[in-house]
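A closer look at the structure
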Amino acid sequence: MENGSRLDVSLLPEELKLLCALIGLPNDPDLPGRILQSGKGVRWHYFLALSGHHRVHPIVYGNLKQYKKEHLVPGHVRKSLEVNYRRNIFHMLRLSRETAILSKAFAEKRVGTLFLKGPVLAREIYGDISLRTSKDLDMLVRKQDIKLAEETLLQAGYNLEHYPFNDKNSRRHHLSFMHPEKHIQVELHWRLNPDTWSEPPFEHLWERKRLSCFGNGPVYFLGADDLFCFLAAHGARHGWFRLRWLADVDQLFRNGMNVESALRLQHEYGFRHIAGQAAILAANLFNTPIAAGMTPLLEGAKSVRLSKRAIHFIKNDKEPAASAGFMFYQLLIRSNSQKVRYLTSYVYPTAKDLQMLPLPKSWVFLYIPLRPFLLLWRKIKQFVVSWSC
């Protein structure tokens, strides 16, 4: 790795360094031992808290089990990881069954559906649904199929979670549904990303789709290059504050990628600097091996600058939306035209606005003029809370 793409990770907590080393254990089996021998000590309760925050306890436990490194962590820590690992297995099995049910229901309605994450992603990149966590199921359909897709979910027993301006003209790029009995959440997307981002049309994604099987039925998901672009864009948009997203990228690199087609697609849709950020972070935190053809991703000055800012969000182990520098970061990862659309999108209210100031349905139009004041009040409350801590 070039010196220019090396990040200063020396100030990261020892617990976070060890967590990264265990995620990247196949890349450097000796690194966790070297960290533990540094003499600085590890606060194991904080280590477990970080593994939960970053949603990486399955891959950490899976790596420990595979490499038989019993001496790396104390017995009670290993046991805690195992309990959470087994709990995740049952949850992913439930999501797998629901994936098959919903895929069949949408196929019967002739609604083309691409599953974005969940068990399909876990099986594809890890080869095992138990090695990745997933809170919900994400499904992408054509924009013109949204109404029919919504009706299909309602018929399957799901309820639409209502928000003010919960439509395709707001900042949202998906609708959320919850099954009251199964307690499974589904996000129905008509775009991969918010509309301030460029992305391939659904027809192109559908042409490049891949097939998986859950419950004897076909389940479709993104092609390899589209998947990498989606994961990189999703992680970048959230400041990579969960290592789970970066672990996915690490696994994709280790599985091998079609370098030329991946780079071509990233350039076409303006994701080059974001793909570079993902590669730099993975190489620095997980010692991810970067294929020779992918080294151009490590050389972009903008990618390095974005990676340094993301390290700050990862280090703080909380959602970065509460930090003062997150909006500036959001502008940095966008092109000039995307910056304008992003700033304009703040006119529209969010679910947090509804929680702060519940209004009758007939008055929801007031959220637009009140939006700046609600946003300012929320930032003030966040500052007071963080200052008091």
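A brief look at the structure comes next. What you see is a predicted model; the values in this text were computed from it and never measured. (Residues numbered from 1 in each chain as written. Predicted model: local features only at pLDDT ≥ 70, side-chain atom pairs only at ≥ 80, totals over all residues. Heavy atoms only, no water.)

**A word on the overall build of the protein chain**
We count it as follows: Helical segments are the DSSP runs of H or I of at least four residues, strand segments are the runs of E of at least two, and each set is numbered from the N terminus. A simple rule labels every residue: compare its accessible area, found with a 1.4 Å probe on the protein chains alone, to the largest value its type can have, and call it buried under 20%, exposed over 50%, or partly exposed in between. Contact definition: two residues touch when any of their heavy atoms are within 4.5 Å. Per-residue and other accessible areas follow the Shrake-Rupley method at a 1.4 Å probe size, with only the shown protein chains counted as cover for residues.
Helix and strand content of the protein chain: 17 helices and 7 strands. Counting over 389 residues, the protein chain shows a buried share of 53%. Of all intrachain contacts in the protein chain linking residues separated by at least 6 positions in sequence, the fraction that spans at least 24 positions is 69%. Approximately 18,300 Å² of the protein chain is accessible, and the part contributed by carbon and sulfur atoms is 57%.

**What to know about unusual backbone geometry**
The phi torsion at R110 lies on the positive side, around 60°, for a residue other than glycine. Residue position: R110 is located in the loop between α5 (75–108) and β1 (114–115). A relative accessible area of 77% means that R110 is categorised as exposed. Even without being a glycine, W240 presents a positive backbone phi close to 55°. Here W240 lies in the loop between α9 (224–237) and α10 (243–255).

**Describing helix α12 (residues 272–286)**
To keep it simple, the criterion reads: Expected helix span is taken as 1.5 Å per residue step, with the number of steps being one fewer than the number of residues.
The end-to-end C-alpha distance of α12, which contains 15 residues, comes to 21 Å, matching closely the 21 Å that a straight helix rising 1.5 Å per residue would cover. The buried fraction of α12 is high, at 14 of 15 residues. N287, located one to two residues past α12, shows a positive phi value of around 55°.

**Details of empty space enclosed by the protein**
What counts here: The method works on a 1 Å grid over the protein atoms by themselves. A cavity is a set of points holding a 1.4 Å probe that cannot get out, a pocket is an open set with protein on both sides within 12 Å along at least five of seven lines, and residues with an atom within 4 Å of a point line them. Grid points are joined across faces, edges and corners, and a volume is the space filled by probe spheres set on the points. Any residue that is not Ala, Val, Leu, Ile, Met, Phe, Trp, Tyr, Cys, Pro, Asp, Glu, Lys or Arg is counted as polar, Gly included; the first ten are nonpolar and the last four charged.
Applying the stated rule across the entire model yields 2 cavities of 30 Å³ or more. The volume enclosed by the largest cavity comes to roughly 70 Å³. The wall of the largest cavity is formed by L192, N193, E199, P200, L205, D226, C229, F230, L265, Y269 and F271. Looking at the lining of the largest cavity, its residues break down into 8 nonpolar, 1 polar and 2 charged. Looking at the second largest cavity, its volume works out to about 50 Å³.

**Structural notes on the side chain of E98**
Within the secondary structure layout, E98 lies in helix α5. Relative accessible area serves as the criterion here: at 2%, E98 is assigned to the buried category. Excluding residues that lie within four positions of it along the chain, E98 makes contacts with L137, Y158, K182 and I184.

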